[in-house]
Amino acid sequence: DTAVSQTPKYLVTQMGNDKSIKCEQNLGHDTMYWYKQDSKKFLKIMFSYNNKELIINETVPNRFSPKSPDKAHLNLHINSLELGDSAVYFCASSPPGLAGVLGTQYFGPGTRLLVL
Amino acid sequence: GQQVMQIPQYQHVQEGEDFTTYCNSSTTLSNIQWYKQRPGGHPVFLIQLVKSGEVKKQKRLTFQFGEAKKNSSLHITATQTTDVGTYFCAGLNYGGATNKLIFGTGTLLAVQP
């Protein structure tokens with residue numbers, strides 16, 4: 001009955017490989033996000049989808065490609081992994097805000113990616 | 001681009017002492033949220049402030065939104081070991097893109113029993 005779930009929890013891989021992270025939310029939210037948290041704990045938004053449509057695409061290398069098959073799922077595929085991609089990747093979802101006020105972000109448990 | 005800075009970056013207190021983290025934005029915010037991330041965990045929503053000068057309390061936690069809506073603070077009275085974690089503010093830029101929170105740099109709180 002986890003609200004926002006991610007798989008895998010840990011991912012250790014070699015440079016140059018391609019990997020995917022999956023996210024699912026059962027909260028009925030329309031908006032989902034991918035965040036990257038680096039080793040200094042800085043949390044930065046990467047992508048946002050609203051009802052399967054991409055609405056935010058920050059300056060992220062095009063090796064990163066999100067896909068939302070339906071509004072409950074948002075996956076992240078990463079091609080040609082590099083050492084600098086090592087980080088914790090959080091999926092999140094939020095309900096619609098009111099009068100321009102953003103809804104609460106519900107975060108998944110995170111995927112700890114280590115590129116060797 | 002918009003920046004949200006928090007100070008201090010790290011604070012170590014004895015259990016029972018008070019703690020405050022300050023959040024400062026380079027631009028005016030329409031609202032601000034606070035999150036807590038336990039070590040090894042994920043950010044968890046604490047509260048949202050919307051009005052200029054707003055003050056909200058949750059037990060030992062007091063949150064304040066500045067009059068100019070460019071800064072905010074979180075004060076914890078009589079810290080406990082369960083307060084350990086990183087506290088993030090996150091602001092939504094006034095008139096900016098919707099659904100895009102800018103997270104602060106975070107303050108890591110360590111509490112010694």
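Above this text you will find the structure in question.
Because the structure is a prediction, the values reported are computed rather than measured.

A few points about the state of the cysteines
All names here are of chain A. Summed over the entire model, instances satisfying the criterion amount to two disulfides over all chains. Disulfide pairing places cysteine 23 opposite cysteine 91 at an S-S distance of 1.9 Å. For the disulfide bridge between cysteine 23 and cysteine 91, the dihedral angle about the S-S bond is near -75°, and by the sign convention the bridge is left-handed. You can see cysteine 23 sitting in strand β3 (residues 19–25) and its partner cysteine 91 sitting in strand β9 (residues 87–94), a full 68 residues away along the chain.

Focus on the sheet that holds strand β8 (residues 73–78) of chain A
Residues and elements named next belong to chain A. A sheet is described by the order of its strands in space; here four strands give the open sequence β1-β3-β8-β7, paired in antiparallel fashion. At either margin of the open sheet sits one strand with a lone partner, and together these are β1 (4–7) and β7 (64–70). Going from strand to strand, the sheet's axes swing by 20° on average, the running direction of each strand aside. The pairing of β1 with β3 spans four bridges and is antiparallel.

The rules we used
- Starting from 1, residues in each chain are numbered consecutively following that chain's sequence as written.
- Chain letters start at A and ligand numbers start at 1, both assigned in the order the entries are written.
- With the structure being a predicted model, the display of local features is reserved for residues of pLDDT at least 70 and the display and counting of side-chain atom pairs for 80 or more, all residues being used for whole-chain, interface and lining totals.
- For side-chain calculations, the full set of non-hydrogen atoms in the structure is used, while hydrogens and water are omitted.
- Defined by distance alone, a disulfide is two cysteine sulfur atoms within 2.5 Å.
- Runs of E in the DSSP output that reach at least two residues are strands. Runs of H or I that reach at least four are helices, and both are numbered from the N terminus.
- Strand pairing follows a simple DSSP-based rule, namely that at least 2 bridges must link the two strands.
- Inter-axis angles, ranging from 0 to 180 degrees, are taken between N-to-C directions of lines fitted to C-alpha atoms, where helices are fitted over the stretch in contact.

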